[in-house]
Amino acid sequence: MTVLLDRPTAAPAAPSRAGTRTAVRDPFIDLLRVFGMALIVFQHWTIPVLTYDGGRLTTGNALSTPGVWVVTWISQVMPLVFFAGGAANAISFARADKGAQRWLATRLRRLAWPLLPLAAVWIPLPHVLLTLGVPQQPLETGARLTGQLLWFLAVYLIAVTATPYALRLHERYGLRVPAALAAGAVLTDVVRFSTGFEALGYLNVVFVWMAVHQLGFFYAEGRLRRPWALAIGGYGAAALLVAYGPYPGSMIGLPGAEVSNMAPPTLAMLAVGIGQIGLVTLLRPWLLRLRTGRLLAWASPRIMTVYLWHMPALFAVTGVVVVLLGIDTPRPGSGLWLAGWPVWFGLLCLVMWPLLKGFHRFETPPALPYGKGGWGGTLASAVLIGGGVLTLTVGGFVPGGGPFLAVLALLGGLLLTAPRARG
């Protein structure tokens, strides 16, 4: 195989199309995952504009400040997270020696297991806090948004489940697969914006995120060609789409905006994602020279915990500072905002630290002596886990029957990945 990326000698070789297997992790992929998660947390902790009038918590977004939307072309890193996930899945699948079904069952367990402590805390917590006199509206806002954050896991679950099939398509058709997905995104947006049928846009949940996930396969093989062309073409196409199309400039949803590039994802989001992939691939040789080994070794096993619990940390600090003490966040960019931000961020880190120490152990599900399993049970597990995550994404942990049904689905899905008696 001809390696088309400029790889330093210290970087591990990626698997070839013939299935060459790596013995170690790729630090570039780990760096993208950790960097992406850190930027997501930093953004979620920084952009909220919060006010409380004694009964209702109002949430705004600092990035709605005129002209600041251009920051989101870098800070909206979900395309990079899916790209890194595609590369990691391809490398992991190539190393798997127990077959596709066992690989998928293991991945499903790793995705679902960390959700159990989150549910164990958040299902009773709203009831307890309401009994203690916490105002209902701010509490429901936090409970709902904690669940909405799980949209990423719902979509990533689709990508993981599709990986064995997507890799077959990749081996047979190569670049035509992401091209077909991109064409699907184009057609979806054309029909959506020409007919006004907004729900149709959610087809791009598959087309957009699977397209960047599929590009990760090319990186895993060392075949991601001409990254400079991806960077220029992706960002150039995004600029044209925003300038002449129906797309807003921001790559995150903003309050009051008629169209969001994120929910559902649009062709403009895909274009920015391609630009980001080209840019980070160009920077790869320099990024790998950074001394990040110890940081990655510590952070990589804690990524899911940070993602699941950083918003509860935000709600805890908001509850004390904004709701209880009545201190609204200052105007974004003002002197008071800049002066108070280190204190705000320090409080969030202070709350996050015990959550991280307490819950990161759930990132690794119990090691089980797997027996012989079947595709039917594994795919049923994917459906149940996906249904549970989707239920929490839509309704959150607001008191009611939804969270209980979601947890039952998660438990059912996990049971279907449990060991089978050897026959």
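Residues numbered from 1 in each chain as written. Predicted model: local features only at pLDDT ≥ 70, side-chain atom pairs only at ≥ 80, totals over all residues. Heavy atoms only, no water.

Named according to an unreviewed UniProt entry, the protein chain is Fucose 4-O-acetylase-like acetyltransferase originating from Nonomuraea angiospora.

*Asks:* Any chance you could break down the overall build of the protein chain for me, citing the residues and the numbers?
*Replies:* When helices and strands are tallied, the protein chain shows 17 helices and 2 strands. C-alpha extents for the protein chain along the principal axes are approximately 65 × 60 × 50 Å. For the protein chain, the residues scored as buried account for 50% of the 423 residues in total. Within the protein chain, contacts between residues separated by at least 24 positions form 82% of all contacts whose residues are at least 6 apart in sequence. (Helix = DSSP H or I, 4+ residues; strand = E, 2+ residues; numbered from the N terminus. Buried < 20%, exposed > 50% of the residue type's maximum accessible area, 1.4 Å probe, protein only. Contact = heavy atoms within 4.5 Å.)

*Asks:* Describe the environment of Pro248, and please don't skip the residues or the numbers.
*Replies:* Relative to the helices and strands, Pro248 resides in the loop between helix 11 (227-244) and helix 12 (267-287). Judged by relative accessible area, Pro248 falls into the partly exposed class, the value being 24%. Counting along the chain gives 27 residues from Pro248 to Glu221, while the straight-line C-alpha distance between them is 35 Å. What Pro248 contacts, discounting residues up to four positions off in sequence, is Val242, Val259 and Asn261.

*Asks:* Let's hear about the environment of Leu355: which residues, and what values?
*Replies:* Summarising the element assignment, Leu355 is placed in helix 15 (residues 335-359). The buried category is assigned to Leu355, whose relative accessible area is 18%. Sequence separation between Leu355 and Tyr202 is 153 residues; the distance between their C-alpha atoms is 33 Å. Each residue touching Leu355, except ones within four places of it in the same chain, is listed here: Thr305, Trp309, Ala313 and His360.

*Asks:* With reference to specific residues and values, describe unusual backbone geometry.
*Replies:* The amide bond that connects Ala263 to the next residue, Pro264, takes the cis arrangement and shows omega of 5°. Located in the positive-phi region is Arg226, a residue other than glycine, with phi close to 50°. Residue position: Arg226 is located in the loop between helix 10 (204-220) and helix 11. Take Arg226: its relative accessible area is 55%, and that puts it in the exposed class.

*Asks:* Report on the UniProt feature "domain: Acyltransferase" (unreviewed entry) in the protein chain, specifying residues and quantitative values.
*Replies:* As recorded in UniProt, the sites labelled "domain: Acyltransferase" (unreviewed entry) are residues 27-352. Helix makes up 70% of residues 27-352 and strand 3%. Its end C-alpha atoms lie 26 Å apart. (UniProt positions renumbered as here; feature names shortened; annotations may be inferred.)

*Asks:* I'd like to hear about the confidence of the model for the protein chain, residue by residue, with values.
*Replies:* Chain-level pLDDT for the protein chain is 89 on average; 92% of the residues reach the 70-or-more range. Below pLDDT 50 for its whole length, residues 1-23 participates in 54 contacts with residues either more than four positions away or in separate chains. (pLDDT = per-residue confidence, 0-100.)

*Asks:* Describe the nonpolar core, with residues and values.
*Replies:* The biggest cluster of nonpolar side chains holds 103 residues, and the ones touching the most others in it are Leu153, Trp209 and Leu308. Here the element with the most residues in this core is helix 14 (residues 303-324); it accounts for 13 residues. When neighbours within four sequence positions are excluded, Leu308 is seen to be in contact with Pro114, Leu115, Leu118, Leu150 and Leu153. By size, the runner-up hydrophobic cluster in this structure holds 6 residues, among which are Ala90, Ala166, Phe217 and Ala220. (Core = buried A, V, L, I, M, F, W, Y, C linked by side-chain atoms within 4.5 Å.)

*Asks:* Residues and numbers for the packing of aromatic side chains, please.
*Replies:* Applying the stated criterion across every chain, the model contains 22 aromatic pairs. Their ring planes at 35° and their centres at 6.1 Å tell us that Trp151 and Trp209 sit as a pair that is tilted. One end of the pair, Trp151, is in helix 8 (residues 151-173); the other, Trp209, is in helix 10, and 58 residues separate them in sequence. Chaining the aromatic ring pairs together yields one cluster made of Phe82, Trp151, Phe152, Tyr156, Trp209 and Tyr307. (Phe/Tyr/Trp six-rings, centres within 6.5 Å; stacked < 30°, edge-to-face > 60°.)

*Asks:* So what about the side chain of Thr163? Which residues, and what values?
*Replies:* Structurally, the position occupied by Thr163 is in helix 8. Apart from the residues lying within four places of it in its own chain, the contact partners of Thr163 are Asn89, Trp103 and His213.

*Asks:* Break down the pairing of strand 2 (residues 57-61) for me, with residues and values.
*Replies:* Taken together, the 5 bridges between strand 1 (residues 48-52) and strand 2 define a ladder with antiparallel strand orientation. Residue pairing in the sheet places Thr51 in a bridge with Thr58 of strand 2. Following strand 1, the chain reverses through 4 residues before pairing antiparallel with strand 2; Gly54 in that reversal takes a positive phi of roughly 100°. (Pairing = 2+ DSSP bridges.)

*Asks:* Could you give an account of the side chain of Arg192, naming the residues involved and the relevant values?
*Replies:* For Arg192, the position within the fold is in helix 9 (residues 176-195). Engagement of the side chain of Arg192 in a polar contact is seen with the side chain of Glu198, the distance being 2.8 Å. Not counting residues within four places of it along the chain, the set of residues in contact with Arg192 comprises Phe197, Glu198, Leu200, Gly201, Val259, Pro264 and Thr266. (Polar contact = N/O pair within 3.5 Å; in protein donor to acceptor, adjacent residues only side chain to side chain.)

*Asks:* Could you give an account of the environment of Val322, with specific residues and numbers?
*Replies:* For Val322, the position within the fold is in helix 14. Val322 sits 286 residues away from Gly36 along the chain, and the two C-alpha atoms are 28 Å apart. Not counting chain neighbours up to four residues away, the residues in contact with Val322 comprise Leu50, Thr51, Tyr52, Leu57, Val317, Ile327 and Asp328.

*Asks:* Give a detailed account of the pattern of salt bridges, specifying residues and quantitative values.
*Replies:* Under the criterion given, the structure shown has 3 salt bridges. Its salt-bridge partner being Arg192, residue Glu198 comes within 2.8 Å of it at the nearest N-O pair. Here Arg223 and Glu221 are joined by a salt bridge, their closest N and O atoms 2.8 Å apart. We classify Glu221 as buried; its relative accessible area is 7%. (Salt bridge = Lys/Arg side-chain N within 4 Å of Asp/Glu carboxyl O.)

*Asks:* Any chance you could break down helix 3 (residues 78-95) for me, citing the residues and the numbers?
*Replies:* Counted at 1.5 Å a residue, the expected span for helix 3 with its 18 residues is 26 Å, and the 26 Å between its end C-alpha atoms agrees. In terms of burial, helix 3 is largely enclosed, as 15 of its 18 residues are buried. (Expected span 1.5 Å × (residues − 1).)

*Asks:* Can you break down helix 11 residue by residue, with the values?
*Replies:* Here helix 11 is 18 residues long and its end C-alpha atoms lie 25 Å apart, about the 26 Å a rise of 1.5 Å per residue gives. Turning to helix 11, its buried residues number three or more, namely Pro227, Leu230, Ala231, Gly234, Tyr235, Ala238, Leu241 and Val242. Around the axis of helix 11, the buried residues are gathered within 120° of arc, so they sit on the same side. Structural note: helix 11 exposes Trp228, Ile232, Leu240, Ala243 and Tyr244 on the side pointing more than 90 degrees away from its buried face. Next to the buried residues of helix 11 lie helix 2 (72-75) and helix 12. (Arc of directions from axis to C-beta.)

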